[in-house]
Amino acid sequence: MKLAIIFFSPTGNTAKMAREIKINFETMGVGVDGYDITARSDREKGIDLGPYQGIVFGFPVHSLRAPKVVREWLRTLEGHGKKASLFFTYGGFTVHPAHHSTRQILTEQNFTVVSSAEFPGAHPFNLGGWRAFTDRPNESDFNRAQTYSQATLNRFTGQDPGMLGDLEQSIYSGEQLDGFEALRFKIITQLPTRAGRECRLCMACEDTCPTGAMDAATGRVDSRKCIACLGCVANCPDQALSINDTTPSWAFKLDLGKTTEQDLNRQQGKIYL
Ligand SMILES: Cc1cc2nc3c(=O)[nH]c(=O)nc-3n(C[C@H](O)[C@H](O)[C@H](O)COP(=O)(O)O)c2cc1C
Ligand code: SF4
Ligand code: SF4
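Residues numbered from 1 in each chain as written. Chains lettered and ligands numbered in written order. Predicted model: local features only at pLDDT ≥ 70, side-chain atom pairs only at ≥ 80, totals over all residues. Heavy atoms only, no water.

Help me get a handle on the pairing of strand β2 (residues 31-36), residues and values and all.
As paired elements, strand β1 (residues 2-7) and β2 share six bridges and run parallel to each other. Looking across to β2, one finds that F7 is bridged to D36. (Pairing = 2+ DSSP bridges. Helix = DSSP H or I, 4+ residues; strand = E, 2+ residues; numbered from the N terminus.)

I'd love a proper account of the nonpolar core, names of residues and values included.
Counting 54 residues, the largest nonpolar core has I6, I55, F57, F59, W73, L74 and F111 as the members making the most contacts within it. At the level of elements, β1, β3 (54-60), α3 (68-74), β4 (83-90), α4 (96-108), α8 (231-235) and α9 (247-256) are the ones that each hand at least two residues to this core. Each of domain 1 (2-171 + 265-272) and domain 2 (181-252) contributes no fewer than three residues to this core. Listed in part, the 20 residues of the second largest apolar core include F7, M17, A18 and V30. (Core = buried A, V, L, I, M, F, W, Y, C linked by side-chain atoms within 4.5 Å. Buried < 20%, exposed > 50% of the residue type's maximum accessible area, 1.4 Å probe, protein only. Domains from an automatic or database assignment.)

A description of the pattern of salt bridges should follow, citing residues and the corresponding values.
The full count for this structure, using the stated rule, is 14 salt bridges. Here K2 ties to D33 by a salt bridge, and the two come within 3.5 Å at their closest N and O atoms. One end of the pair, K2, is in strand β1; the other, D33, is in strand β2, with 31 residues separating them in the sequence. Note on K2: relative accessible area 33%, which makes it partly exposed. A relative accessible area of 24% means that D33 is categorised as partly exposed. (Salt bridge = Lys/Arg side-chain N within 4 Å of Asp/Glu carboxyl O.)

Explain the packing of aromatic side chains residue by residue, including any values.
Counted under the stated rule, the structure contains 13 aromatic pairs. Pairing F93 with W130 gives two aromatic rings, centres 5.9 Å apart and planes at 65°, and the pair type is edge-to-face. Here the residue F93 occupies a position in the loop between β4 and α4, and W130 occupies one in the loop between β5 (112-120) and α5 (139-157), the gap between them amounting to 37 residues. Assessed through its relative accessible area of 2%, W130 is described here as buried. (Phe/Tyr/Trp six-rings, centres within 6.5 Å; stacked < 30°, edge-to-face > 60°.)

Laid out in structure tokens, this is it:
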């Protein structure tokens, strides 16, 4: 059996979980190829799914769903009935529409989804002052990933013939979710900026930007393309990029989520079978 793990991870949490899950499968004697589709150029290359008996897709939750560029890319795939599994990393708030809507896309693209999971991951808005899952994923998340990997492998091999069961229905319509996505620069974050800072012009922010929004030469960001993933801010070797102070929205966000900082950071991942 040969598996593929395909992941999108601007600030690295999903990549960390993908690495752990890959190691788990390999420890169980299964060959795994990993594909990072964060950069636009990597998504454009395409992936031949022919050699794989199972595909694992790992994405961050962005505005309650898989990021829009990921959803669009998934719609270019043909599953040919292959078994697939999903996992998300999330920053402590609403996750369930992501499982539901991404399963729906994969099913429409002719994949058979056998399992899903969610794991905590430091929220990129912590770069501006939030305090959501600052040290996640951690060992307890990696342990849960082991259980997820074993259960998923059992489904890929057919030892467990089950498929992913019913998921919580989204309380939001597709139009409402599109509306949340469109709000991203209006409430909490502003565009990343390099104003007043020197940089070595390594071009990494432009080369790895998932949407082609960053112009490294000028340090300007195209607001029509930027998805606020904050990969450029997190990964700049000179720490030359920053976002606005997000601390004023932190208490508001906790209130909106009807939670406290302590309760939020106590959350554990979940596996869906
Ligand atoms: C634009 C944006 C929107 C986000 N929306 C949500 C959300 O709706 N719910 C949530 O729990 N976390 C949300 N997060 C947090 C990320 O899902 C989480 O921190 C994830 O681990 C980041 O993955 P990465 O490090 O692989 O990029 C959002 C993050 C960003 C940047
Ligand atoms: S990643 Fe940082 S150092 Fe490299 S070009 Fe972008 S802003 Fe400059
Ligand atoms: S410019 Fe926007 S989309 Fe590109 S890496 Fe930075 S935050 Fe992400």
